[in-house]
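# Structural description and commentary
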Amino acid sequence: MKKGFQQLTGVFPKPYRMAPALLIYLIIMVLGMSGCSGDSQPASSITVAGSTSVQPFMDLLAEEYARLYPDKPAVNVQGGGSSAGVRSVLTGAASVGMLSRRLTSDEAAENLNVIVMAQDAIAVIVNPQNPITDISLEDLCKIYTGEITDWGQLSQVTQGTQVSTADSPGNQDSQATQEPAGQGSSEAEEPDNAEAPFQGRIHVISREEGSGTRGAFDELVMGGQEVTPRSIFQDSNGAIRQTVAQDPMAIGYISLGLVDDSVKPLAISGVAPTVENCRSGKYMLVRPFILVFQHDVGPEVRDYLDFVTGPHSREILSGEGLITDGEEAAR
Amino acid sequence: MSHSRDERRAELVLALVALVSVSVLGLITVFVFKEGLPAFREMGLWQFITGHRWSPSQNAFGIFPMLVGTFMVTLGALAIGMPLGLGCAVYMSEFSGPRSAALLKHMVELMAGIPSVVFGFVGLTVIVPFIRTYLGGPGFSVLASSIVLGFMILPTMVSVSYDALRAVPQAYRDNMLALGATTWQTVRMVVLPSAKSGILAAAILATGRAIGETMAVIMVAGNATAVPESVLDPVRTLTSNIALEMGYSAGLHRQALFATGIVLFVIVTLLNLIARAAIRGGSAK
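All values derive from a computational prediction rather than experimental measurement.

## Some points on the domain arrangement of chain B
Many descriptions give the size of an interface as the accessible area lost when the pieces come together. All names here are of chain B. If you check the domain split of chain B, you get domain 1 (2-37) and domain 2 (63-284). Look at where the C-alpha atoms of domain 1 and domain 2 centre, and you get two points 31 Å apart. In this assembly, seven residues from domain 1 lie in contact with seven residues from domain 2. Between domain 1 and domain 2, roughly 650 Å² of surface is buried when both sides are summed, and carbon and sulfur atoms account for 83% of that area. Counting the surface domain 1 buries against domain 2, the share from its top three residues, Val32, Phe33 and Glu35, is 60%. Taken together, the links from domain 1 to domain 2 amount to zero salt bridges. Applying the counting rule to domain 1 against domain 2 returns zero residue pairs in polar contact (both at pLDDT 80 or more). By residue class, the composition of the side of domain 1 that touches domain 2 is four nonpolar, two polar and one charged.

## Focus on the packing of helix H3 (residues 64-95) of chain B against helix H9 (residues 183-194) of chain B
All names here are of chain B. Relative orientation of the contacting elements H3 and H9 amounts to 110°, with a least axis distance of 11 Å. With respect to H9, the axis of H3 lies roughly perpendicular. Seen from above, H3 lies across H9 with right-handed handedness. Of H9, the residues touching H3 (which contributes Val90, Glu94 and Phe95) are Thr183, Trp184, Val187, Val191 and Leu192. Tallied by class, the residues present in the contact of H3 with H9 amount to six nonpolar, one polar and one charged.

## Quick notes on helix H5 (residues 116-134) of chain B
Helix length check: H5 of chain B, at 19 residues, gives a terminal C-alpha distance of 25 Å against a target of 27 Å (1.5 Å per residue), a fit within 8%. Along H5 of chain B, the helix axis deviates most sharply at Gly123 of chain B, where the bend reaches about 40°. What H5 of chain B keeps buried is the set Phe119, Gly120, Gly123, Leu124, Ile127, Val128, Pro129, Ile131, Arg132 and Thr133 of chain B. Turning to H5 of chain B, the residues buried within the fold contact helix H9 (237-246) of chain A together with helix H4 (98-112), helix H6 (142-152) and helix H11 (215-221) of chain B. Downstream of H5 of chain B by one or two residues, Gly136 of chain B has phi in the positive range, about 95°.

## Thoughts on the environment of Ala181 of chain B
Residue and element names in this part refer to chain B. With respect to the element layout, Ala181 can be found in the loop between helix H8 (170-178) and H9. Taking relative accessible area as the criterion, Ala181 reaches 17% and is therefore assigned buried. Residue contacts for Ala181: discarding those within four places in its chain leaves Met176 and Thr186.

## Looking at the packing of aromatic side chains
All names here are of chain A. One pass over the structure, following the stated rule, counts 14 aromatic pairs over all chains. A ring pair is formed by Tyr144 and Phe217, whose centres lie 4.8 Å apart and whose planes are at 65°; its orientation type is edge-to-face. Separated by 73 residues along the polypeptide, Tyr144 in helix H6 (residues 137-145) and Phe217 in helix H8 (residues 212-222) bring together distant segments of the chain. We classify Tyr144 as buried; its relative accessible area is 0%. With 5.6 Å between their ring centres and 65° between their planes, Tyr144 and Tyr253 make a pair best called edge-to-face. Residue Tyr144 is found in helix H6, and its partner Tyr253 is found in strand S8 (residues 250-255); the two are separated by 109 residues along the sequence. With respect to burial, Tyr144 and Tyr253 carry one shared label: buried. The aromatic ring of Tyr69 is capped on one face by Lys72, whose charged end is 5.3 Å from the ring centroid.

## Quick look at the pairing of strand S3 (residues 96-99) of chain A
Residue and element names in this part refer to chain A. In S3, alternate side chains face the same way, and those of Val96 and Met98 on one face and Gly97 and Leu99 on the other are all buried. The pairing of strand S1 (residues 46-50) with S3 spans three bridges and is classified as parallel. Along S3, the bridge assignment pairs Ala49 with Gly97.

## With respect to a nonpolar patch on the surface
All names here are of chain B. Residues Ile114, Val117, Val118, Val122, Val126 and Met215 make up a contiguous nonpolar surface patch of about 440 Å² in total accessible area. If one sorts the elements of the nonpolar patch by residue count, H5 sits on top with four residues. By the secondary structure assignment, Val118 is in helix H5.

## Some words on the pattern of salt bridges
A complete count under the given rule lists 18 salt bridges over all chains for this structure. A salt bridge links Glu209 of chain A to Arg214 of chain A; its shortest N-O distance comes to 3.5 Å. Relative accessible area serves as the criterion here: at 6%, Arg214 of chain A is assigned to the buried category. One salt bridge in this structure joins Glu109 of chain B and Lys105 of chain B, with 3.5 Å as the shortest N-O distance. With Glu109 of chain B and Lys105 of chain B both in helix H4, this residue pair falls four residues apart, about one helical turn. Overall, Glu109 of chain B belongs to the partly exposed group, its relative accessible area being 43%.

About the thresholds
Residues numbered from 1 in each chain as written. Chains lettered and ligands numbered in written order. Predicted model: local features only at pLDDT ≥ 70, side-chain atom pairs only at ≥ 80, totals over all residues. Heavy atoms only, no water. Domains from an automatic or database assignment. Contact = heavy atoms within 4.5 Å. Buried area = accessible area lost by both parts, 1.4 Å probe. Salt bridge = Lys/Arg side-chain N within 4 Å of Asp/Glu carboxyl O. Polar contact = N/O pair within 3.5 Å; in protein donor to acceptor, adjacent residues only side chain to side chain. Nonpolar A, V, L, I, M, F, W, Y, C, P; charged D, E, K, R; others polar. Axes fitted to C-alpha atoms, helices over the stretch in contact; angles between N-to-C directions. Helix = DSSP H or I, 4+ residues; strand = E, 2+ residues; numbered from the N terminus. Parallel < 35°, antiparallel > 145°, perpendicular 65-115°, else oblique. Left-handed = near helix turned anticlockwise from the far one by under 90°. Expected span 1.5 Å × (residues − 1). Bend = angle between axes of the 7 residues up to and from the residue. Buried < 20%, exposed > 50% of the residue type's maximum accessible area, 1.4 Å probe, protein only. Phe/Tyr/Trp six-rings, centres within 6.5 Å; stacked < 30°, edge-to-face > 60°. Lys NZ or Arg CZ within 6 Å of the ring centre and 35° of its normal. Pairing = 2+ DSSP bridges. Patch = residues over 30% accessible without salt bridge, like charges linked within 9 Å, V, L, I, M, F, W, Y side chains within 5 Å. Areas by Shrake-Rupley, 256 points an atom, 1.4 Å probe, with all protein chains shown as cover.

What follows is the structure, encoded as structure tokens:
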């Protein structure tokens with residue numbers, strides 16, 4: 001910027017000599033701007049953009065699509081978040097938008113085609129060293145509003161109860177990780193022993209405003225109340241998982257399909273976050289994965305969407321811990 | 001004559017190039033103000049700057065916590081980066097031999113080339129857990145951001161103040177040494193006071209760098225929207241506020257983020273003007 005200023009002052013004392021350059025410059029600018037309003041050209045690849053919660057699953061499907069149908073156009077999957085997904089479909093930057101929440105009324109008014117790709121659960125996660133295995137929805141809400149700030153204040157501290165999470169992928173080792181001692185991931189925090197109640201300031205970790213996971217959490221847990229501004233805000237599922245895995249005092253929430261054995265998912269009021277409990281409707285923190293697209297998309301995009309909603313994709317997605325059955329593809 | 005025609009053509013092309021580089025600044029300014037000013041109109045400048053609550057879903061847009069956050073983090077970065085950078089520059093300029101000075105200069109320049117996400121990653125995996133373990137709190141904090149930024153502003157701090165120190169005439173030093181002063185006394189009584197305005201400029205440019213840094217800060221600051229009560233509390237800066245939420249925003253939220261950009265733009269421009277005044281003040285002496 002500084003150099004720019006110097007050039008400016010260096011050049012301006014000779015305004016007449018600059019006139020031709022100025023003229024050419026203006027012509028280029030005008031031409032350039034008129035070029036901007038042109039239509040977006042048909043792409044040789046399909047661009048899918050949106051929720052970072054849906055992204056890893058869409059990546060899998062795109063890879064499988066490329067493997068099965070090498071002749072069809074490549075699928076390019078981008079993140080950006082649910083809201084950005086809708087916006088990029090509206091602006092034509094992407095053919096298909098991914099959302100990990102329901103459409104807002106504004107978005108629904110845009111009259112896009114909507115497909116429910118799968119259902120996903122939000123898992124509330126804590127560090128494996130945390131003895132708590134179960135939390136009520138009210139307590140969870142109070143933690144996120146900032147009303148409860150210490151682990152010792154929790155009304156339902158159920159210690160030693162094992163949560164069965166065998167159905168969710170990557171959780172095969174959850175029983176092993178529930179043993180509090182010898183994890184070694186934090187040196188300073190005192191090791192938990194069964195007698196001493198778990199105490200300490202809760203480190204609340206949330207997603208940033210506008211994220212689909214955050215939107216679904218706000219709707220399902222907060223019920224219109226605000227997340228405390230003292231919360232730590234991270235901008236991806238992975239960042240929250242990593243933070244919770246490192247911090248014994250942390251609590252966070254991520255997509256159930258992305259839970260691995262570095263963190264411990266909590267049961268909500270006694271209901272463990274398993275695929276079965278989600279399917280039967282017992283586990284309450286469930287949100288849809290939605291795809292949106294314009295009515296006039298080309299046949300190659302329709303082909304891909306047919307693949308995404310087809311039986312093979314459903315098999316892949318349910319293998320990854322999503323809930324694909326029961327829900328009809330709603331137009 | 002073809003010679004003068006060539007001359008004329010070269011001037012034309014170069015003037016064009018100059019215009020293009022300046023026009024980027026112009027375009028950014030126009031764009032940011034055009035997108036952001038409606039937000040000021042909507043909620044009032046004062047309300048926007050002094051509001052304590054930032055909750056876009058509830059239509060609450062107050063950037064006061066972020067202003068305080070930016071201020072605290074920048075001050076912390078200067079507290080760490082300035083003594084280190086100045087010390088390094090003084091050593092390079094006054095104490096070390098020419099070969100080790102050249103080596104140090106190369107290494108500092110190399111440091112300027114490290115991507116900010118790498119600084120952020122080191123902060124995330126080393127500094128944040130360290131603070132959480134030994135000092136308490138969640139680790140994501142004003143302190144963590146200050147440390148990371150303190151190292152990121154080192155190259156600016158070192159190279160600009162090194163140039164300022166080198167610009168002090170050698171005769172000053174020679175006179176002091178001839179009077180029997182030690183090197184340290186020379187540095188303290190003559191060289192540093194003479195280079196004062198250049199060092200000030202270095203500090204201001206480093207401040208601009210610290211205020212503008214985004215990626216590394218997002219990774220280690222925790223991004224809470226409350227005013228931090230201690231250096232161990234999480235914090236959000238103006239830049240991270242924009243980067244964190246811009247991808248999702250729409251409508252008034254988006255305008256508020258651009259308005260955040262205007263506030264940042266004004267702060268950084270003011271800093272640049274002050275730095276230029278400081279440099280001019282120094283060269284006038």
